[in-house]
Amino acid sequence: MTTAAADYQGRDRACPSGVCHEGGSIIGVMTEQGRLAYLPTPVVLDTAFASRLQDAGEPERRYRFSQPCIESACSQWTGEGCGVIDHVLDDPPGSECAHHHGLTRPGVLPSCAIRRDCRWFSQRGPAACRVCPTIVADTGGSAT
Ligand code: SF4
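What this report covers is the structure whose coordinates are included nearby.

Rules behind the numbers
- Residues numbered from 1 in each chain as written.
- Predicted model: local features only at pLDDT ≥ 70, side-chain atom pairs only at ≥ 80, totals over all residues.
- Heavy atoms only, no water.
- Helix = DSSP H or I, 4+ residues; strand = E, 2+ residues; numbered from the N terminus.
- Buried < 20%, exposed > 50% of the residue type's maximum accessible area, 1.4 Å probe, protein only.
- Contact = heavy atoms within 4.5 Å.
- Areas by Shrake-Rupley, 256 points an atom, 1.4 Å probe, with all protein chains shown as cover.
- Pairing = 2+ DSSP bridges.
- Axes fitted to C-alpha atoms, helices over the stretch in contact; angles between N-to-C directions.
- Phe/Tyr/Trp six-rings, centres within 6.5 Å; stacked < 30°, edge-to-face > 60°.
- Lys NZ or Arg CZ within 6 Å of the ring centre and 35° of its normal.
- Near = heavy atom within 4 Å.
- Nonpolar A, V, L, I, M, F, W, Y, C, P; charged D, E, K, R; others polar.

## Re the overall build of the protein
- Secondary structure summary: the protein contains 7 helices and 4 strands in total.
- In the protein, which comprises 144 residues, the proportion classed as buried is 40%.
- Across the protein, contacts joining residues at least 24 apart in sequence account for 70% of those joining residues at least 6 apart.
- Roughly 7,800 Å² of accessible area belongs to the protein as shown, and the carbon and sulfur atoms make up 51% of that amount.

This is how it looks when you write it as structure tokens:
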């Protein structure tokens, strides 16, 4: 745990890879290059907008949604944290390893609007942000 990440302990957390539904927010758009383009300000979903995205199919693959982290009510919760970011960082398939592919430069983190509240950042610090742009959810909360 880094000092920066530790500073954010004890807060309500935001899931950075949630599902598309009313009340959630879009925090990024997946590009054709397979990297997330972060929005400077999250876009809150109302019922109509969420329905349009759902009707278009697989919104979690095309956008990244944020919502309050529900901890033990989520299937990805390990009992101590989010299993998604732990899995990506601790057991990365070779093709998804950010370090080996130079996906991020050391010390340069994505410009992200939810860092202060982000579950992944609070748990793993800047390392989470370095792999974050390459993580795609399927039906929300599952790393691929
Ligand atoms: S891991 Fe980092 S870049 Fe990704 S959503 Fe959280 S704070 Fe933003």
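After that view of the structure, there is still more to cover.
## Section: the sheet that holds strand β1 (residues 14–18)
- Strand order in the open sheet formed by 4 strands is β1-β4-β2-β3, and the pairing between neighbours is antiparallel. Across the chains shown, the open sheet's two edge strands, defined by having one partner strand only, are β1 and β3 (36–44). Here the strands of the sheet are splayed against their neighbours by 25 degrees on average, with no regard to which way each runs.
- The pairing of strand β2 (residues 25–30) with β3 spans 5 bridges and is antiparallel. Bridging across to β3, Ile-26 finds its partner in Val-43.

## Some words on the pairing of β2
- Burial within β2 is extensive, with 5 of its 6 residues counted as buried.
- Between β2 and β3, which pair antiparallel and follow one another directly, the connecting turn spans 5 residues, one of which, Gly-34, has a positive phi of 80 degrees.
- As judged from the 4 bridges shared by β2 and strand β4 (residues 63–68), these two strands associate in the antiparallel manner. Its bridge partner being in β4, Ile-26 is matched across the sheet by Phe-65.

## Notes on unusual backbone geometry
- Of note, the phi angle at Glu-58 is positive, near 45 degrees, even though the residue is not glycine.
- Mapped onto the fold, Glu-58 is located in the loop between α2 (47–56) and α3 (59–62).
- You can call Glu-58 exposed: its relative accessible area is 52%.
- Positive phi values are uncommon outside glycine, yet Glu-71 reaches one of about 50 degrees.
- Tracing the sequence through the fold places Glu-71 in the loop between β4 and α4 (83–90).

## Considerations on the packing of aromatic side chains
- Applying the stated criterion across every chain, the model contains 1 aromatic pair.
- Here the aromatic rings of Tyr-63 and Phe-65 are separated by 6.1 Å at their centres, their planes lie at 50 degrees, and the arrangement is tilted.
- A relative accessible area of 21% means that Tyr-63 is categorised as partly exposed.
- Take Phe-65: its relative accessible area is 0%, and that puts it in the buried class.
- Directly above the aromatic system of Phe-121 lies the positively charged group of Arg-115, at a separation of 5.9 Å from the ring centroid.

## Some details on the site of the ligand
- Taken together, Pro-16, Tyr-38, Cys-112, Ile-114, Arg-115, Cys-118, Trp-120, Phe-121, Ala-128, Cys-129 and Cys-132 make up all the residues around the ligand.
- When contributions to the shell around the ligand are tallied by element, the ones reaching two or more residues are α6 (119–124) and α7 (126–131).
- Classifying every residue of the shell around the ligand by side-chain character gives 10 nonpolar, no polar and 1 charged.

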